[in-house]
Structures are given as C-alpha cells and as structure tokens.
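Summary of structural features
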Amino acid sequence: MNTYIMANISKGVLVEKKTRDFLERSSKDSRLCSKCFSIKMSKYDDVEKLLNDVTYETIYGMMELLDGHKNHDLRGKVINRITGNCINSNIELHNYCEEYLNCSDI
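Residues numbered from 1 in each chain as written. Predicted model: local features only at pLDDT ≥ 70, side-chain atom pairs only at ≥ 80, totals over all residues. Heavy atoms only, no water.

Remarks on helix α3 (residues 47-67)
For α3, with 21 residues, the first-to-last C-alpha span of 30 Å sits near the 30 Å given by 1.5 Å per residue. Of the surrounding elements, those touching the buried residues of α3 are α2 (17-40) and α4 (97-100). Between a side-chain oxygen at the N-terminus of α3 and the backbone nitrogen of E48 the separation is 3.0 Å; the capping residue is D46. G68 lies just past α3 and shows a positive phi near 85°. (Helix = DSSP H or I, 4+ residues; strand = E, 2+ residues; numbered from the N terminus. Expected span 1.5 Å × (residues − 1). Contact = heavy atoms within 4.5 Å. Polar contact = N/O pair within 3.5 Å; in protein donor to acceptor, adjacent residues only side chain to side chain.)

Comments concerning the confidence of the model for the protein chain
Within the protein chain, residue pLDDT values average 79, and 83% of them lie at 70 or more. Helix α1 (residues 3-10) is the least confidently modelled element of the protein chain, averaging 50 in pLDDT, while α3 averages 86, the highest of any element. (pLDDT = per-residue confidence, 0-100.)

Things to note about the pattern of salt bridges
Oppositely charged side chains can form a pair if their charged atoms are brought close together. Enumeration according to the criterion identifies 2 salt bridges in this entry. D29 is paired through a salt bridge with R25; the nearest N and O atoms lie 3.0 Å apart. Of this pair, D29 and R25 both sit in helix α2, 4 residues apart, roughly one helical turn. The exposure class assigned to D29 is buried, which follows from its relative accessible area of 13%. For R25, a relative accessible area of 28% gives the class partly exposed. In this structure, the salt-bridge partner of D29 is K70, at a minimum N-O distance of 2.8 Å. (Salt bridge = Lys/Arg side-chain N within 4 Å of Asp/Glu carboxyl O. Buried < 20%, exposed > 50% of the residue type's maximum accessible area, 1.4 Å probe, protein only.)

As structure tokens, then:
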C-alpha cells in the first residue's frame, strides 16, 4: 500500500468514499487472513508452506476485491501506466492466482 496515501488517510485528508471503503475492506481482509493462519499454524510442519499459503490467501483476497466479488461497488480497475489501458476489464484477476502463486494442500 502506498505509504503516502495511508499517511494522508490517517491524518484525516479527505479521500473519495469508494477509495476509503476499498482500503478499509482490504485492511480488514488482511487482518482476518492473519488471524486465520495464526489459528491454523499448528497444522504446518514447514514455515515455507505457511508463508506460501498466507501470501496466496492475501493476494487472492485482494484480487477478489479488485474483481468486485466482495462488494460490486468496490470493483477496481488496474491501469497500465504506459498505455493507459485497463488490464482487468475482461478478466477476473483472482482466477490467475493459482497459475502464479504456490499454496499447499493444508
């Protein structure tokens, strides 16, 4: 998360409601993911598997949020800064996580 944005939000600078809602939801989801894995930690015999799963779930959740699955009003656009094109207008980002990220069977 951009430190400048977070610092300004915490200082009370006005932020668009949708942006604030998105950031609040992503923060809530990250905390929930951390809590879930702290409970399940005893099931892991390998720290690497634990870290892979936490990373996978966190990124997958963010992609679902950008895809609008958790709240349709919060669907985000990912814009290519060079071309200005929206790269997620015709795809669901969370569908591609399994192709690029490792996760265990736990």
